[in-house]
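Residue-level listing of the chains:
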Amino acid sequence: MPDRYDIIIIGTGAGGATLAHELARTGKRILILERGDFLPRERENWDTNEVFARKRYLARETWFDKHDQPFSPYTHYWVGGNTKMYGAALFRMRESDFGEVRHFGGLSPAWPITYDQLEPYYSRAEALYSVHGLRGADPHEPRASSPFPFPPLEPEPRIRELADDLTAIGLRPFPAPLGLRLDPADRAAAPCQLSNFDGYPDPTEVKADSHVAAIKPILTLPNVTLITGARVESLHTDRSGREVADVIAWRGGERLAFRADIVVLACGAINSAAVLLRSANDRHPHGLANSSGQVGRNLMLHQNGCLLAVTENDNPSQFQKHLAISDFYRGEPDSPFPLGLVQLMGKPDPGTIEWLRGDQLPGVPLDDIRRRTIDFFLTAEDLPSPGNRVTLRDDGAIRLTYNPNNTEAYERLQSRLINALSRVERTRNRSAPHILASRLGIAGVSHQNGTARFGDDPATSVLDVNCNAHDVENLYIVDSSFFPSSAAVNPSLTIMANALRIADHLRERLGCDAASALEARNPDSVPTALAAPVPL
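Just so we're clear, the structure is a prediction, and the values are computed from it rather than from any experiment. For every chain, the first residue of the written sequence is number 1, and numbering continues from 1 onward in sequence order. With pLDDT at 70 or above as the cut-off, local features in this predicted model cover only qualifying residues; side-chain atom pairs require 80 or more to be listed or tallied, and sums for whole chains, interfaces and linings still use all residues. Note that water and hydrogens are dropped before the side-chain values are worked out from all heavy atoms of the structure.

## A short note on the overall build of the chain
No. 1: Tallying secondary structure elements over the chain gives 11 helices and 22 strands in all.
No. 2: Computation of the radius of gyration draws on C-alpha atoms alone. For the globule rule, the value is 2.2 Å times the number of residues to the power 0.38. Expected size for 536 residues packed as a compact globule is a radius of gyration near 24 Å; at 23 Å, the chain falls within 12% of this value.
No. 3: C-alpha extents for the chain along the principal axes are approximately 75 × 55 × 45 Å.
No. 4: Counting the 536 residues in the chain, one finds 59% classified as buried.
No. 5: Residue contacts are defined here by distance: any two heavy atoms, one from each residue, within 4.5 Å place the two residues in contact. In the chain, once contacts between residues fewer than 6 apart in sequence are set aside, the share between residues at least 24 apart is 74%.
No. 6: Note on areas: these come from Shrake-Rupley sampling with a 1.4 Å probe, and a residue is covered only by the protein chains present in the view. As displayed, the chain offers around 20600 Å² of accessible surface, 49% of which is attributable to carbon and sulfur atoms.
No. 7: Positive charges come from Lys and Arg, negative ones from Asp and Glu, while His and the chain ends are left out of the count. In plain terms, the charge of a residue is placed at NZ if it is Lys, CZ if Arg, CG if Asp and CD if Glu. Positive and negative side-chain charges in the chain, numbering 57 and 67 respectively, have mean positions lying 1 Å apart. Secondary structure elements follow DSSP: runs of H or I of four or more residues count as helices, runs of E of two or more count as strands, with numbering from the N terminus. Each residue is placed in one exposure class: buried if its accessible area under a 1.4 Å probe, protein chains only, is under 20% of its type's maximum, exposed if it is over 50%, and partly exposed if it falls in between.

## Thoughts on the packing of helix α3 (residues 115-128) against helix α10 (residues 492-509)
No. 1: Fitted lines through C-alpha atoms serve as axes, helices being fitted only where they are in contact, and the angles separating the N-to-C directions of these axes extend from 0 to 180 degrees. Remark: α3 packs on α10, axes separated minimally by 8 Å, with the N-to-C direction vectors making an angle of 110°. Considered as vectors, α3 and α10 are oriented roughly perpendicular to each other. When the axes of α3 and α10 are compared, the crossing they make is right-handed. Here Leu118, Tyr121, Tyr122, Arg124, Ala125 and Glu126 of α3 come into contact with α10, specifically with Leu493, Thr494, Met496, Ala497, Asn498, Leu500, Arg501, Asp504 and Arg507.
No. 2: Ten residues, namely Ala, Val, Leu, Ile, Met, Phe, Trp, Tyr, Cys and Pro, are considered nonpolar, four, namely Asp, Glu, Lys and Arg, are considered charged, and the remaining ones, Gly among them, are considered polar. Of the residues in the contact of α3 with α10, the class split is eight nonpolar, two polar and five charged. In this scheme, roughly parallel covers angles under 35 degrees and roughly antiparallel covers those over 145, while 65 to 115 is roughly perpendicular and the rest are oblique. Left-handed is the label given to a crossing in which the near helix is rotated counterclockwise from the far helix by less than a right angle, and right-handed is the label when the rotation is clockwise.

## Description of the sheet that holds strand β21 (residues 434-439)
Paired through backbone hydrogen bonds, the strands of a sheet run either parallel or antiparallel to each other.
No. 1: Spatially, β8-β16-β17-β18-β15-β21 is the arrangement adopted by the six strands of the open sheet, whose pairing is antiparallel. Only two strands of the sheet have a single neighbouring strand rather than two, namely β8 (174-175) and β21.
No. 2: Bridging between strand β15 (residues 303-310) and β21 involves six bridges; their strand directions are antiparallel. Counted as the bridge partner of Leu307 is Ala437 from β21.
No. 3: Packed onto the sheet, helix α4 (residues 157-168) meets β16 (323-325), β17 (341-344) and β18 (373-380) and runs at close to 25° relative to β16. Here, strands pair whenever DSSP counts at least two bridges between them.

## Quick look at the confidence of the model for the chain
No. 1: Looking at the chain, pLDDT values average 94 and 95% of them are 70 or higher.
No. 2: Low confidence marks residues 523-536, where pLDDT is under 50. Its contacts with residues over four positions away, or in another chain, come to 37 contacts. pLDDT is a per-residue confidence score from the predictor, ranging from 0 to 100.

## What about α3?
No. 1: Taking 1.5 Å of rise per residue, the 14 residues of α3 would be expected to cover 20 Å, and the 19 Å separating its terminal C-alpha atoms lies within 8% of that figure.
No. 2: Ser130 occupies a position one or two residues after α3 and carries a positive phi of about 50°. Helix span, expected: 1.5 Å multiplied by one less than the number of residues in the helix.

See below:
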């Protein structure tokens, strides 16, 4: 291996992988460090008991809550990061999310960039991740300069009925934008029936995760090196404290040091904050890049929850993750404040149903409940709070201090959904559905963001508008740490779009010519051909 690289990227999730993909064809020497390995394509990928009950692919790690109680975070360390298990719902934030927004729980701050500045990168991210959707169907969809790369999937009959019924009572359900490596125009491809998808790895590689869409196509390039099983412990600076000199990692029991002109953290908002805190030194006594005191603070997780509607009729859908409802995103007639987003999720595993059921529906077999549920995922915005933060225990373990806020938004959103589902069932002369619902707890960190916010003022932010650390000239962060607010949509596409934006900045900083930038953006030059889908 070279003694020194041009760029080191730490992490292969939505941010790190996208950045690596965009910079790979500049010819710069790029080292990618990933603490996990390649997730094996195996029979157990679709085994519900292995994935959920036995937690086969979950990180074997213990974190601690504000009461110092241990918990197992819902996070995954693989090439592709958490996107290996995500549902590939790729929403744009709305224009209003980039401005100051008042909520039930307080004020959501404005971003230092506008939606219009990020919009071209949203379009490029949608192309890279093969997003299927329908422009104009989402009543609160932001302006877009291009159509979705692919049309939405056709819903299964029970979900089509639900969409028609919701429309009939005045709501405007729309196809959720999904990252799927399927081309409906490819008549030579075998038909593909999606099934175990949301929360599962995908051995067919139809799911557009960041390993398949971004890392895999660049690994044959001679200037790109990927080292798996390398857990970055800390970043050491030079004597001035203004530059990262060494990236310290552990691999197979060996402590290694790597060097580069540019170092990019993309470990996820929680782990990136932990790396910075573990990197404290004489020049940075409270953690690297932490002169503002903001590293680890303003942790946001979203107010997320599951709602299962147990209806009279069966729901035989194999892939119900089709529609979303944004009617309440900016408020409702009796409230000027935003509520959030509703979307269908994948069919839940038996353990999730038992958790949500509790002591409800006594005597009803679990299989009977499972075949009759329509399953929703609810997201309301949580607001940045300095007290919600990532810290380290004396033994180095991660501690999350998190107190939910803006809870009225979630409560109202859930109430509106329950009311709508009851109305729908009554229009078909059926009884109101039985509702099984709960919010996610502290372990639900899939939407983590906000621990190293970007901004113009070094006194109140960790990063500048280019996600370059104010205090460390060659350090960048391109995961969701940079979010100053969380909005109420899945963060993945915004992370990807921002990584593309930062790639343009780094290309200029590294003196890459215009030809390399055009080559990187030209899909004909990037071997990201859509998979020939395997029937599930």
